[in-house]
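# Reading the structure
Residue strings, one per chain:
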Amino acid sequence: RSSQVVIALPDRVLAFHTQTGQPAWEWLIANDGVTLLSNPTLGDELAIHRIDGTVSIFSADTRQLRRSFSLPAPLNGLFALPGSSERFLALHGEALALINSSNGAVTSETESLGPVVEPARPPAAYQFDDHTWQIVIGSRTALYRKRLVVDELIFSDSFDSAAR
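Residues numbered from 1 in each chain as written. Predicted model: local features only at pLDDT ≥ 70, side-chain atom pairs only at ≥ 80, totals over all residues. Heavy atoms only, no water.

### Comments concerning the sheet that holds strand E4 (residues 33-37)
Our working rule: A pair of strands is labelled paired if DSSP reports no fewer than 2 bridges between them. Numbering of helices and strands runs from the N terminus; a helix is a DSSP stretch of H or I covering at least four residues, while a strand is a stretch of E covering at least two. In this analysis an axis means a line fitted to C-alpha atoms, helices contributing only their contacting stretch, and an angle means the value between N-to-C directions, from 0 to 180 degrees.
Taking strand neighbours across the sheet as the criterion, the 4 strands line up as E4-E5-E6-E7 in an open arrangement whose pairing is antiparallel. Taken across any chain shown, the strands that pair with only one partner, and hence form the sheet edges, are E4 and strand E7 (65-70). Taking each pair of neighbouring strands and ignoring which way they run, the sheet shows an average axis angle of 20 degrees. Here 5 bridges tie E4 to strand E5 (residues 45-49), and the two strands are oriented antiparallel to one another. Within E5, the position partnered with leucine 36 by the bridge is leucine 46.

Below you can see the structure in the form of structure tokens.
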């Protein structure tokens, strides 16, 4: 678990220590959002995204670029997936996608959710086991509950409507 909380402003990213609430650092970088990703091998990472679909992933400690890729635009938000350092969620257009964090490949995607509410309200994700999450995301007209199953088999990642 990270010892910092990050906040995105249009022209900078700010970090604060979770224990003290004191500022840790400030970084001048244009962005439309930032997500802190836990990576047990490489250390925490900052995923900076732009609405045009550009994603750049930096070391949270040094802010050195590690990798970058493009996702479908408009890219409205990136969200860490609890318990997974290899994947994260991306909200683009009217869909939620599962993204491979090493190369930006879209491994699964929901159907259209309609106009989604503020990207600042991240989807809620609850991890059932090593391979299954329940994800809830709201649109202007509905609340969607999806079950995400991630297997190690090729092409087996999928979003399903959650059982009621």
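### As for a nonpolar patch on the surface
Convention followed: Patch membership is restricted to residues that have no salt bridge and whose relative accessible area is over 30%. Joining uses 9 Å for like charges and 5 Å for the nonpolar side chains Val, Leu, Ile, Met, Phe, Trp and Tyr. Accessible surface area values rest on a Shrake-Rupley calculation with a 1.4 Å probe, where residue burial reflects the displayed protein chains alone. For salt bridges, the criterion is a side-chain nitrogen of Lys or Arg within 4 Å of an Asp or Glu carboxyl oxygen. Each residue's exposure class comes from its accessible area (1.4 Å probe, protein chains only) as a fraction of the maximum for that residue type: buried when under 20%, exposed when over 50%, partly exposed otherwise.
A cluster of nonpolar side chains, contributed by Val5, Ile7 and Leu9, occupies part of the molecular surface with about 210 Å² of accessible area. On the basis of relative accessibility, which here comes to 34%, the residue leucine 9 falls in the partly exposed class.

### As for the sheet that holds strand E8 (residues 75-80)
The strands that make up a sheet are held in pairs by hydrogen bonds between backbone atoms, and each pair lies either parallel or antiparallel. Spatial ordering of the open sheet is given by E8-E9-E10-E11, a layout of 4 strands whose pairing is antiparallel. The open sheet has two free edges, formed respectively by E8 and strand E11 (106-109), since each of these has just one partner strand. Strand-to-strand, the axes of this sheet are offset by a mean angle of 25 degrees, without reference to chain direction. Pairing between E8 and strand E9 (residues 87-92): 5 bridges, direction antiparallel. Looking at E9, one finds that phenylalanine 79 is bridged to leucine 89.

### A closer look at unusual backbone geometry
Following alanine 73, the chain continues to proline 74 via a peptide bond in cis, the omega torsion being -5 degrees. Relative to the helices and strands, proline 74 resides in the loop between E7 and E8.

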